[in-house]
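If you want the building blocks of each chain, they are given just below.
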Amino acid sequence: MTLAIVVHGGAKTITDNKVEANNAGCKAAVEAGWAVLTSGGTAAEAVEAAIRVLEADRTFNASLGAVLNDDGEVELDAAIMEGDSFGWGSVAAVQGVRHPISVARKIMDTKPMLLVARSAERFAADNGVEMCAKEDLITGEQRKEWEEEQEVIDRPNTVGCVALDANGTLAAGTSTGGTTNQLAGRVGDTALVGSGLYADNKLGACSTTGDGESIIPVVLAKTAIDLLDGDRHPDEAAQMAIEILKSKVEGEAGCILLDGQGRVGWAHNSSDMACGYMTTSQDKPAVFTKKKTLAEKI
Ligand code: ASP
């Protein structure tokens, strides 16, 4: 029985003073998801648990501490998908919800499966998801940055998770506050199955991060998963998917990838990307803020 979980904290630039917070956040998320997997929980439950930790951590651009849009407000997108049933759920441009990933997971059992703005908020409230004042998700750091329109090097970024459970089911989830100063109502790749996430038990599970407008036209998550065909290692497939994005569009992106054997892959063309993972063959989670190139490894 192989169990595995991978999380990311976004493709971005991470300055030295933020390395520790990114590593700690990813480690805590991996541990939360791993506890679910090792106690017999499903991959989707593990993904939700891990992403809830990242959403509650102001280091990352998801829920608390998310970037502000051009109205100075937080608007959130999140989605989740299971690789056995192809069930999925998604919310976009939602406000006043602490854990959009939990709303997405609840929507998975219903139809329609993608709800935006007011109707997503109504669904969340009606289904017992924790609500809050929309201002409660704004941190001082994000407000200051928005007011001063500072040139900030290490903006927080999207979070995501992929997991493999004891039944061999894969799941993927992604959650974001979008891009800094985005037009109110903009929706990126995160809410879109195929672009921001994908899971197929026959191949693998993927969560992406980066410039949504570049990720969407290359359907990055599905592209990465299709590259797993023929038993290609997820690390190679993840790198190939980013190369495909680079060859077709401009923009920064990253992805985490897991296959049915519990093999882990990740790649990014941004300067850094927070990532953490745990598999049955490890004794503790591994966390990183940058993928080393082959040359750097030697
Ligand atoms: N992909 C997200 C979006 O475009 C943002 C990010 O990952 O940084 O909304």
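In this text, all values refer to a predicted model and were calculated from it rather than measured experimentally.

With that settled, the discussion passes to the UniProt feature "binding site: substrate" (unreviewed entry) in the chain. Look at the UniProt record and you will see "binding site: substrate" (unreviewed entry) annotated at Arg186, Val187, Gly188, Asp189, Thr209, Gly210, Asp211 and Gly212. Topologically, glycine 188 is positioned in the loop between strand S6 (170–176) and strand S7 (197–200). Filtering out sequence-adjacent residues up to four positions away, glycine 188 remains in contact with Asp77 and Ile216. Position of threonine 209 among the secondary structure elements: in strand S8 (residues 204–210). Polar contacts involving the side chain of threonine 209 include one to the main-chain amide nitrogen of alanine 11, which spans 3.1 Å.

Our next topic: the sheet that holds strand S9 (residues 253–259). The strands that make up a sheet are held in pairs by hydrogen bonds between backbone atoms, and each pair lies either parallel or antiparallel. The four strands lie next to each other as S7-S8-S9-S10, forming an open sheet whose pairing is antiparallel. Lying at the two open borders of the sheet, with one neighbouring strand each, are S7 and strand S10 (264–268). Along the sheet, successive strands turn relative to each other by an average axial angle of 10°, direction set aside. Pairing of S9 with S10 involves five bridges; the strand directions are antiparallel. Along S10, the bridge assignment pairs leucine 258 with valine 264. Set on the sheet, helix H8 (residues 234–248) makes contact with S9 and S10; between it and S10 the angle comes to about 25°.

What follows is about the UniProt feature "active site" (unreviewed entry) in the chain. According to UniProt, the "active site" (unreviewed entry) feature falls on Thr158. Relative to the helices and strands, threonine 158 is located in the loop between helix H5 (140–148) and strand S5 (159–164). If sequence neighbours within four positions are ignored, threonine 158 has contacts with His8, Gly9, Gly10, Asn61, Thr174, Ser175, Thr176, Thr190, Thr208 and Thr209.

Let's shift gears to the packing of helix H3 (residues 100–107) against helix H4 (residues 117–126). Here H3 crosses H4 at 85°, and the two axes come no closer than 10 Å. As summarised for this structure, H3 and H4 are arranged roughly perpendicular, according to the angle between their axes. Residues Val103, Lys106 and Ile107 of H3 form the contact with H4, whose own contacting residues are Ala120, Phe123 and Ala124.

Turning to the environment of leucine 114, a few remarks are in order. Along the chain, leucine 114 turns up in strand S4 (residues 114–116). Sequence separation of leucine 114 and tryptophan 88 is 26 residues, and the distance between their C-alpha atoms is 8.7 Å.

Definitions and limits used
- Residues numbered from 1 in each chain as written.
- Predicted model: local features only at pLDDT ≥ 70, side-chain atom pairs only at ≥ 80, totals over all residues.
- Heavy atoms only, no water.
- UniProt positions renumbered as here; feature names shortened; annotations may be inferred.
- Helix = DSSP H or I, 4+ residues; strand = E, 2+ residues; numbered from the N terminus.
- Contact = heavy atoms within 4.5 Å.
- Polar contact = N/O pair within 3.5 Å; in protein donor to acceptor, adjacent residues only side chain to side chain.
- Pairing = 2+ DSSP bridges.
- Axes fitted to C-alpha atoms, helices over the stretch in contact; angles between N-to-C directions.
- Parallel < 35°, antiparallel > 145°, perpendicular 65-115°, else oblique.

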